[in-house]
Amino acid sequence: MPTERTLSIIKPDATRRNLTGKVNAVLEAAGLRIVAQKRLHLTTAQAEAFYAVHAARPFYRDLVTFMTSGPVVAQVLEGDNAVQRNRDVMGATNPAQAAEGTIRKLFAENIEANSVHGSDSAENAAAEIAFFFAGTDIVG
Ligand code: ADP
Ligand code: MG
């Protein structure tokens, strides 16, 4: 498997409950290395742009409101097959359907406040990493 990078976001429901370290421990135990990380409070314009792909979905406005409701932690994860590996350790979008041991099963509050974002393809990972980080911010 190739070494890859993917974009992860620890969402406001998790930062509010002071779970950044616990989420990071699960990521690291899954073989992912945090090679860049920053805490920030997204503006409405940033959240709208990041989730533009979902603009037509009924949950879009609520999602933007939720993602701007508190700080997030954006991070670049590196590892073998990192995109899929992170999706696996995140668990299903709806925590009620997430597998045991996944971040969403462990920590998510509901289908919207589901604790983490992860890129869903290598192509989207590159674009999402560039949304938050300059190349010089990433130290592998
Ligand atoms: P994922 O984050 O698992 O890739 P999606 O890309 O489909 O899921 O959706 C992006 C985010 O939008 C989800 O993580 C969740 O926060 C929110 N979301 C998705 N589906 C719903 C829904 N049916 N109701 C409310 N929020 C949703
Ligand atoms: Mg998605």
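Okay, so let's go over this structure. (Residues numbered from 1 in each chain as written. Chains lettered and ligands numbered in written order. Predicted model: local features only at pLDDT ≥ 70, side-chain atom pairs only at ≥ 80, totals over all residues. Heavy atoms only, no water.)

### Things to note about helix α5 (residues 82-90)
Item 1. Three or more residues of α5 are buried, namely Ala82, Val83, Asn86, Val89 and Met90. For α5, the angular spread of buried residues about the axis comes to 140 degrees, placing them on one side.
Item 2. Gly91, located one to two residues past α5, shows a positive phi value of around 90 degrees. (Buried < 20%, exposed > 50% of the residue type's maximum accessible area, 1.4 Å probe, protein only. Helix = DSSP H or I, 4+ residues; strand = E, 2+ residues; numbered from the N terminus. Arc of directions from axis to C-beta.)

### Here's the deal with the site of ligand 1
Item 1. Close to ligand 1 lie Lys11, His54, Phe59, Leu63, Arg87, Thr93, Arg104, Ile111, Glu112 and Asn114.
Item 2. Taking Arg87, its side chain carries an N or O atom lying 2.9 Å from an oxygen atom of ligand 1.
Item 3. Taken by itself ligand 1 offers 530 Å² of open surface, and the protein chains cover 79% of this.
Item 4. Here the residues of the shell around ligand 1 sort into 3 nonpolar, 3 polar and 4 charged. (Near = heavy atom within 4 Å. Polar contact = N/O pair within 3.5 Å; in protein donor to acceptor, adjacent residues only side chain to side chain. Areas by Shrake-Rupley, 256 points an atom, 1.4 Å probe, with all protein chains shown as cover. Nonpolar A, V, L, I, M, F, W, Y, C, P; charged D, E, K, R; others polar.)

### Comments concerning the nonpolar core
Item 1. Residues Met67, Phe132 and Phe133 are the most contacted members of the largest nonpolar core, which totals 22 residues.
Item 2. At the level of secondary structure, the elements contributing two or more residues to this core comprise β1 (3-10), β2 (33-40), α3 (44-50), α4 (60-67), β3 (72-80) and α7 (122-132).
Item 3. The element that contributes the greatest number of residues to this core is α4, accounting for 5 residues.
Item 4. When residues no more than four places from it in sequence are discounted, the contact partners of Phe132 are Leu7, Ile9, Lys38, Leu40, Leu42, Phe50 and Ala74. (Core = buried A, V, L, I, M, F, W, Y, C linked by side-chain atoms within 4.5 Å. Contact = heavy atoms within 4.5 Å.)

### With respect to unusual backbone geometry
Item 1. Positioned with a positive phi, Asn18 is a non-glycine residue whose angle comes to about 60 degrees.
Item 2. With respect to the secondary-structure elements, Asn18 resides in the loop between α1 (12-16) and α2 (20-29).
Item 3. Residue class for Asn18 comes out exposed when judged on its relative accessible area of 68%.
Item 4. Its identity is not glycine, yet Asn81 carries a phi of approximately 55 degrees, on the positive side.
Item 5. Here Asn81 is to be found in the loop between β3 and α5.

### Structural notes on the pairing of β1
Two faces belong to every sheet, and in a regular strand the side chains alternate between them.
Item 1. Buried residues dominate β1, accounting for 6 of its 8 residues.
Item 2. The pairing of β1 with β3 spans 8 bridges and is antiparallel. Each residue of the ladder has a partner; that of Ser8, found in β3, is Gln75.
Item 3. Sheet topology note: the β1/strand β4 (residues 116-118) ladder contains 3 bridges and is antiparallel. (Pairing = 2+ DSSP bridges.)

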